[in-house]
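Structural features, examined
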Amino acid sequence: MAAAAAESEDVWVKQDDVQPQQVVVTNNNLTNPSKVFSRKPIKSPPLLEFEDLKYTVPLGLRRGSKTILKNVSGSFLPGSLVAIMGPSGAGKSSLLDILTGYKVTGVNGSILSDRQPRVLSAFRRLSCYIQQDDRLQPLLTTMESMTLAANLKLSIEVTAKEKQRTVNQELIMEILETLGLENHINTRASQLSGGQRKRLSIALELINNPLIMFLDEPTTGLDSSSCTQCMQLLRSLAQQGRTIVCTIHQPSASLFALFSHVYVLAEGQCIYQGANEKLVPFLDTIGLPCPAYNNPADYVIELACGESDEIGTNAEVVQKMVQGTENGRNINWFKNPDPLMVSISRSNLFASKANDDDAVPTGFFSRLLVQCGVGKRVDTAVQETSQWNQLKVLLTRGYIKTKRDTTLTYMRVLVNVIVGIMLGLLFWRSGNQGSRVMENYKLLFSILIHLMMTTMMLTILTFPMEMSILMKEHFNRWYSLKSYYISTMIVELPVVTLGCVFFTIIIYVMSAQPMEWDRFLMFLLISLLVTYVAQSIGLLIGALFSVTNGTFIGPVISVPMMMFAGFGVTLRDIPRYMVPGTYLSYLRYGLEGMVLTIYGGNRERLDCDARYCHYRYPDKLLREVAMDESEMYVDIIGLVLNVVLLRIIAYYCLRWKIKSER
Ligand SMILES: Nc1ncnc2c1ncn2[C@@H]1O[C@H](COP(=O)(O)OP(=O)(O)OP(=O)(O)O)[C@@H](O)[C@H]1O
C-alpha cells in the first residue's frame, strides 16, 4: 500500500485537480487530463512560416560541404502542437535549430513571423528552446533552479508586488504542480530521474510564459507513460494558445493522435505537412496507401527509410512524397489553411533575407569580427533583467555550487595543503641555509609548477562542462555573457585564493624562508598572481577546447613557458633570438619575482652549516642566475598584464566560440 501511495505521489497527473476547461484528448483512449497551467499566454503567438530553407555545413578542408536541408518550406499555425518527424539523420534537429535561431550560419531561405520578416531578437523574446540533453545545474535543487531562473527571467517591468509573488513561490509552485514536480522541490537535479529532469527543463522555461516553445526530442529516454504525460502537458499548453514545436522520432499511435500538425522530413526534404488525420488520405492520393491497422506514423517513417521494397526504391518513394507535398509548400492537407490563404508578397520574402538580423556577413574577417563581438552585432536580443541583477543571481548560484562542489572547493584546498606539506618535508628548512641555496632555488620552481598545473588543469577540466548549460541559458536570454563571465571569475576567486594562501603559508614556514613580513607578503602576492594567470590560461583553453583536447593542450603550452622561465638555462645563456620568448612566459616573471623576494632586497648573509657555502651571500646567486639587475616591479607588472590580457582574450574567445557554434 505504502509503495503504491508513494508511486502515486510521483504520478504527474493529479486526478483531483481536473478542471472543466481541461484538455480532453480525442482520437485515443487517454482519459487522464493533466493539471492545467493557469497562466494563459498574454497574446496569440505569431504564424511561423519558412520558405526554401537550405542548410549547408562545411565538412572540412577539401572535403566540400553537406546540404542538410534542401529548400524545405512549411507553416506552423498559432496554437498548434507540431511534430517534426523523420528517421534519424533526416534533419529534424537542424530544422529546429534554424527555426529557433540557434543556428544562423550556413542558412539560406526566409523565415517569416506573422507574414513579416522575422526579427530574431524580437522572436527570441517570444520563444524558448529546450534542447534534447537536459542542461541543468546538477548541484541545485528543483526549487533553487526555479527560483534562480525566475529571478533571471522575469522582466524588470514586473512590479515589486508581482516579484514578491514569485519570491513567495506561488508561480513556481504552480508550475511545479502542473509538471508533477511538487514532491521533488528539494531534490538536486543530478538525483532526478530522466523524465523529471525533462519536466524541470520545461518548468524552467515556462516561468516567463513563452508564446512559442521548441523542444528537441522531449520524449527521448522516457517510458511510454512518461511520454504520454509529457505530450499531454505540451498539448494542454498548446490548447491554451501557445505554439509548441517538437521533434520526435517515431511516435506511437496514441502520441501521434495528440499532435495537431505533423511535419515529416526525409533526407532533408519535406515528405508530408498537414494535419495528423490527413496523413492517411495523403498517402492514398500519392499511391502509397497505409495498410489497414498500421500506425500511419510508423508507416510514413518506413517509407522514408525505404523499408517497403515492393513500392519502389527509397529514392523514388521519397521523391513521390516530396512532389506530393511540394517540399512543404502544399497546404491542402492542413485542417484549417485559411490563415495561409492570403497571398504573401514576394518582396516580403526578399526583405526577410535582407533585413533579418540572423544574417551573418559573408567575408571571413567580417564574420570573425562579428563573432568576437567587434563588428555588426549578430544578436541583438537582450535579457529580461539588468546586468546587475544577473550578476547578483549568478553569484548566488555560484556560491551554492561552490559550497556543494567537493571537487572544485574542498579537494582544491586539500590538494594545496597536502602538496604544501609534502614539499615542505622534502625541502625542510632549506630557505636559510647557504649550503642549500640551489635546492631552495629548485623549490621555488617547484612551487611555480604546482601553482600553475593544479589551477590550470582544474579549470580546463571543469569549465567546458559548464559550456552546454551556458549555451542553453544564454540563448534563452537568461543572462548576458558578460554577467556570466564576471560572475565565474568572482566565484572562483575565493577558493583559488584560499588554496594558494594555505599552500604558501605552509611551504614558506616549513622551508624556513626569511621571516620578514614584507618578503612574505611579496612572496604571497607573486604566488597569487601566478595562480591567477594559470587560471586565466585554463579559462582560455576551457573556452576554446573540449576537456580531451584541453588536457593535451594545457601541458603542451606549459612546456615552452617552463623553458623560457630561466630555470634550466639561465636568462643570460638563452640564445639571443629566443630572448623575446622569455617575455611571453609568465613563469619567468614568477620565478624572477620569487628569487628577488627571497634573495634580493639586500638580504643578509645566510647561515652556513658546512665548511664552505658557495652562496652564503645571496647576491652571488642573483648574479649567477642573471637576476642581479632585474627589478621586482617589472615582474609584478608582467604578471598583472598577463592576468588582465589573458582574461580579456578568454572572454572574446568564449564569445567567439558561442557565436561560432551558431
Ligand atoms: N555540423 C555538421 N557537420 C556535418 N554533418 C552534420 C552537422 N550537423 C548535422 N549533420 C548531419 O546532418 C544530418 C541531419 O542531422 P540532424 O541532427 O538534424 O538529424 P536528426 O533528424 O535530428 O537526427 P536524430 O533524430 O538522429 O537526432 C545528419 O546526417 C548529421 O550527421
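Residues numbered from 1 in each chain as written. Predicted model: local features only at pLDDT ≥ 70, side-chain atom pairs only at ≥ 80, totals over all residues.

As annotated in an unreviewed UniProt entry, the protein chain carries the name ABC transporter domain-containing protein and comes from Cloeon dipterum. For the record of the protein chain, the UniProt heading Sequence similarities (unreviewed entry) holds the text "Belongs to the ABC transporter superfamily. ABCG family. Eye pigment precursor importer (TC 3.A.1.204) subfamily." (UniProt positions renumbered as here; feature names shortened; annotations may be inferred.)

Bringing the nonpolar core into the picture now. Judged by nonpolar contacts, the single largest core of 93 residues is most densely connected at I84, A203 and V264. When residues of this core are sorted by domain, at least three fall in each of domain 1 (48–130 + 213–333) and domain 2 (387–661). Excluding residues within four positions of it along the chain, V264 makes contact with M85, G86, C270, I271, Y272, V300 and A304. In this structure, L443, M456, V530 and A543 belong to the second largest nonpolar core, which totals 54 residues. (Core = buried A, V, L, I, M, F, W, Y, C linked by C-beta atoms within 7 Å. Buried ≥ 20, exposed ≤ 12 C-beta atoms within 10 Å, placed from the backbone. Domains from an automatic or database assignment. Contact = placed C-beta atoms within 7 Å.)

Next up on the list: the confidence of the model for the protein chain. Residues at a pLDDT of 70 or more form 84% of the protein chain, whose mean pLDDT is 82. Summarising per-element confidence for the protein chain, the mean pLDDT is lowest in helix α1 (residues 2–10) (38) and highest in helix α20 (residues 517–544) (95). Note on residues 354–364: pLDDT is under 50 here. Beyond four places in sequence and across chains, it has 22 contacts. Every residue in residues 370–381 is under pLDDT 50, and counting partners more than four places away or in other chains gives 27 contacts. Model confidence for the complex is summarised by a pTM of 0.81, with the ipTM given as 0.96. (pLDDT = per-residue confidence, 0-100. Helix = DSSP H or I, 4+ residues; strand = E, 2+ residues; numbered from the N terminus.)

Surveying the vicinity of the ligand reveals the residues V57, K66, I68, G86, S88, G89, A90, G91, K92, S93, S94 and H249. Grouping the amino acids of the shell around the ligand by side-chain chemistry returns three nonpolar, seven polar and two charged. (Near = placed C-beta within 6 Å. Nonpolar A, V, L, I, M, F, W, Y, C, P; charged D, E, K, R; others polar.)

So, on to the sheet that holds strand β6 (residues 127–130). The six strands are arranged β6-β7-β8-β3-β9-β10 in an open sheet whose pairing can be described as mixed. The sheet is open, and its two borders are formed by β6 and β10 (269–274), each paired with just one other strand. Taken pair by pair, the neighbouring strands of this sheet meet at an average axis angle of 15°, ignoring direction. Both strand β7 (residues 212–215) and strand β8 (residues 243–247) contribute to a ladder of four bridges, which runs parallel. Residue pairing across strands places F214 opposite V245, the latter belonging to β8. The strands touched by helix α11 (residues 296–305) within the sheet are β3 (81–85), β9 (261–266) and β10, with β9 carrying the most contacts at an inclination of about 20°. On the sheet, helix α12 (residues 314–325) packs against β9 and β10 and is oriented at approximately 50° with respect to β10. (Pairing = 2+ DSSP bridges. Axes fitted to C-alpha atoms, helices over the stretch in contact; angles between N-to-C directions.)

Assignment of secondary structure puts G86 in the loop between β3 and α2 (92–100). In this structure, the C-alpha to C-alpha distance between G86 and R429, residues 343 residues apart in sequence, is 71 Å. Once residues lying within four places of it in the same chain are set aside, the contact partners of G86 are K92, V264, L265, A266 and A304.

Our focus in this paragraph is the packing of helix α4 (residues 142–153) against helix α7 (residues 194–206). Interaxial distance between α4 and α7 falls to 9 Å at its minimum, and their mutual angle equals 25°. Put simply, α4 runs roughly parallel to α7. Considering only the axes of α4 and α7, their crossing is right-handed. Residues T142, S145, M146 and A149 of α4 form the contact with α7, whose own contacting residues are L200, A203 and L204. (Parallel < 35°, antiparallel > 145°, perpendicular 65-115°, else oblique. Left-handed = near helix turned anticlockwise from the far one by under 90°.)

What follows covers the sheet that holds strand β1 (residues 48–58). In spatial order, the strands read β2-β1-β4-β5; together these four strands make up an open sheet with antiparallel pairing. Strands at the two margins of the open sheet, each flanked by one partner only, are β2 (65–76) and β5 (116–117). Each of β1, β2 and β4 (107–113) is contacted by α2, which is oriented at about 115° to β1, the strand it contacts most.

The UniProt feature table records "transmembrane region" (unreviewed entry) at residues 410–431, 443–464, 484–509, 521–546, 552–571, 583–601 and 632–654. Along residues 484–509 the backbone is 100% helical and 0% strand, and the end-to-end C-alpha distance reaches 38 Å. Summarising residues 521–546: 92% helix, 0% strand, and an end-to-end C-alpha distance of 37 Å.

Running from N to C, α20 and helix α25 (residues 632–661) cross one another at 15°; their axes reach a closest spacing of 8 Å. Relative to α25, the element α20 lies roughly parallel. The two elements α20 and α25 cross, and the hand of that crossing is left-handed. Every residue of α25 that contacts α20 at L529, V530, Y532, V533, S536, I537, L539, L540, A543 and L544 is listed here: L639, V640, N642, V643, L646, R647, I649, A650, C653, L654 and K657. The class makeup of the residues in the contact of α20 with α25 is 17 nonpolar, two polar and two charged.

Of the two faces of β7, both are covered, the one formed by I212 and F214 as well as the one formed by M213 and L215. Examined bridge by bridge, β6 and β7 share four bridges and lie parallel to one another. The residue of β7 that forms the bridge with I130 is L215. Once the chain exits β7 it traverses helix α8 (residues 224–239) before rejoining the sheet at β8, and the crossover so formed is right-handed. (Right-handed = clockwise from strand over helix to strand, strands pointing away.)

Turning to the environment of K278, a few remarks are in order. Along the polypeptide, K278 turns up in the loop between β10 and α10 (279–285). Considering only alpha carbons, one finds K278 and D338, 60 residues apart in sequence, at a separation of 16 Å.

Here we take up helix α16 (residues 387–404). Between its terminal C-alpha atoms α16 stretches 26 Å, which fits the 26 Å expected from 18 residues at 1.5 Å a residue. Among the residues of α16, those classed as buried are Q390, V393, L394 and R397. End-on view of α16: buried residues confined to an arc of 95°, all on one side of the axis. Turned more than 90 degrees away from the buried face of α16, the exposed residues are W388 and K403. Where α16 is buried, its residues contact α4 and α19 (481–510). (Expected span 1.5 Å × (residues − 1). Arc of directions from axis to C-beta.)

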